[in-house]
Amino acid sequence: MNDKLKQIKELVELELNASVKVEDIENIKVKYLGKKGEITTILKTLGQMAPEDRKEAGSLINNLRQEVESIIEYKLKILKDSEIDKKITSEKIDISIDKSNEKIGNKHPLTVVLDDIKEIFIGMGYSIAEGPEVEYSKLNFDALNTPKDHPARDLQDTFYITEDIILRTQTSPVQARTMLIQEPPIKIIVPGRVYRSDNVDATHSPMFHQVEGLVVDKNITMSDLKGTLETFAKTYFGENTKIRLRPHHFPFTEPSAEVDVSCFVCAGIGCKVCKGEGWIEILGAGMVHPNVLAAAGIDSKIYSGFAFGMGLERIAMTKFDINDMRYLYENDVRFLKQF
Ligand code: DAH
């Protein structure tokens, strides 16, 4: 009996040494310790032994079983550990590579301009409002005192989805949207995309960006508008910048003005950037028309307001001396990386 048990132990050790996979060891375990395993089978023969031999044989077999169990467990642990090690090594990512020369990109020039504009107005206490690009023609036009026969409503000028729904031609409908849901005081700027049925050329695109401004409160006057735009112009274009208001017409403001800034390159003398004018037109503005306030349910006897709207592309092109609008949309890295 003793010899037989020794032989089994040696065999187990031999087989364990030869095994390289966890699976091999599981098989060895079944082969010797499983229900029909060799050691289990020998244990079962105890019943047939003479009672005087049984005790000794029993403890020998049990000892062997425990030993075999523990060397199998030991080998299993070593193999599992080494498999984990192997996995860790093979899946290791070298994070030590020097990537300092890699360019991670930069903001698009329109985003640069918009971020600066936002910062200036947020600094003056404005909040940012947004509205949908697919808009009701009622809000884009009617609510803004723009009657049915206005040329902007023509098929040539506006993209219609249905008769009542269009791609907004301006960010101004967000004025109406805001006034309809918010009581004055209102102090917002509205950045966003707008669409017009224009052909693409150096200064036109069927899609471009605007930033709208709206202030409604008690006792808002034209001097508030002028002071606000002057502060904006000086902060954005430089301390010595002057502004000029030229009378104009917009249906949603009365009085209305086009606003120029003195050229930030030549300070008004006349140069290439301002095309010899000394002034650069940057936005439209005016006092909110009483009809616009009324359409949004605001009493124009109590409240008044001013509004303005500027084209982002125009400001970016002036600021960065870009002579063709198409560069802004072509995604040419050689152009974009300059900003
Ligand atoms: N919505 C006008 C446009 O697209 C720009 C504009 C002018 C907006 C005057 C205003 C404003 O709010 O008061 O041409």
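Residues numbered from 1 in each chain as written. Predicted model: local features only at pLDDT ≥ 70, side-chain atom pairs only at ≥ 80, totals over all residues. Heavy atoms only, no water.

**Notes on the pairing of strand 9 (residues 304-311)**
Here strand 9 lies mainly inside the structure; six of its eight residues are buried. Judged from the eight bridges that link them, strand 5 (residues 207-217) and strand 9 form a sheet pairing that is antiparallel. Counterpart to Val211 in the pairing with strand 9 is Met310. As defined by bridge partners, strand 8 (residues 279-288) adjoins strand 9 across five bridges and the pair is classed as antiparallel. Among the inter-strand pairings, Gly284 is bridged to a residue of strand 9, identified as Gly309. (Buried < 20%, exposed > 50% of the residue type's maximum accessible area, 1.4 Å probe, protein only. Helix = DSSP H or I, 4+ residues; strand = E, 2+ residues; numbered from the N terminus. Pairing = 2+ DSSP bridges.)

**Focus on the state of the cysteines**
The full count for this structure, using the stated rule, is zero disulfides. Cys263 supplies the cysteine sulfur nearest to Cys266, a cysteine that is in no disulfide, at a spacing of 3.6 Å. You can call Cys266 buried: its relative accessible area is 12%. Take Cys274: it sits in no disulfide, and the sulfur closest to it among the cysteines is that of Cys266, at 3.6 Å. Overall, Cys274 belongs to the buried group, its relative accessible area being 3%. (Disulfide = S-S within 2.5 Å.)

**Describing the domain arrangement of the chain**
The parts lose accessible area when they come together, and the size of an interface is often stated as this lost area. Segmentation of the chain into domains returns domain 1 (2-90) and domain 2 (109-336). With centres defined by C-alpha atoms, the gap from domain 1 to domain 2 works out at 85 Å. (Domains from an automatic or database assignment.)

**A closer look at the site of the ligand**
Close to the ligand lie 15 residues, the nearest being Gln170, Ser172, Arg196, Gln210 and Glu212. Within the side chain of Gln175, one N or O atom sits 3.1 Å away from an oxygen atom of the ligand. In the environment of the ligand, an oxygen atom lies 3.1 Å from a nitrogen or oxygen atom belonging to the backbone of Ala307. Contact with the protein chains removes 90% of the 350 Å² of surface that the ligand exposes when unbound. (Near = heavy atom within 4 Å. Polar contact = N/O pair within 3.5 Å; in protein donor to acceptor, adjacent residues only side chain to side chain. Areas by Shrake-Rupley, 256 points an atom, 1.4 Å probe, with all protein chains shown as cover.)

**Digging into the pattern of salt bridges**
Here the structure, examined in full by the defined rule, presents 16 salt bridges. The partner of Asp115 in a salt bridge is Lys107, with the nearest N and O atoms 2.8 Å apart. For the salt bridge of Lys272 with Asp321, the shortest nitrogen-to-oxygen distance reads 3.1 Å. With Lys272 in the loop between strand 7 (253-262) and strand 8 and Asp321 in the loop between helix 10 (312-319) and helix 11 (333-336), this pair connects stretches of sequence that are 49 residues apart. Residue Asp321 is classed as partly exposed on the basis of its relative accessible area, which comes to 46%. Through salt bridges with shared partners, a single ionic network connects Arg244, Arg246, Glu258, Asp260 and Glu281. (Salt bridge = Lys/Arg side-chain N within 4 Å of Asp/Glu carboxyl O.)

**Examining helix 10**
Among the eight residues of helix 10, six are classified as buried, and the element is accordingly described as predominantly covered. Of all the residues in helix 10, the buried ones are Leu312, Glu313, Ile315, Ala316, Met317 and Thr318. Looking at the packing, one finds that the buried side of helix 10 touches helix 5 (109-123), strand 5, helix 8 (222-237), strand 8 and strand 9. Of the residues flanking the end of helix 10, it is Asp321, one or two places downstream, whose phi is positive at about 55 degrees. (Contact = heavy atoms within 4.5 Å.)

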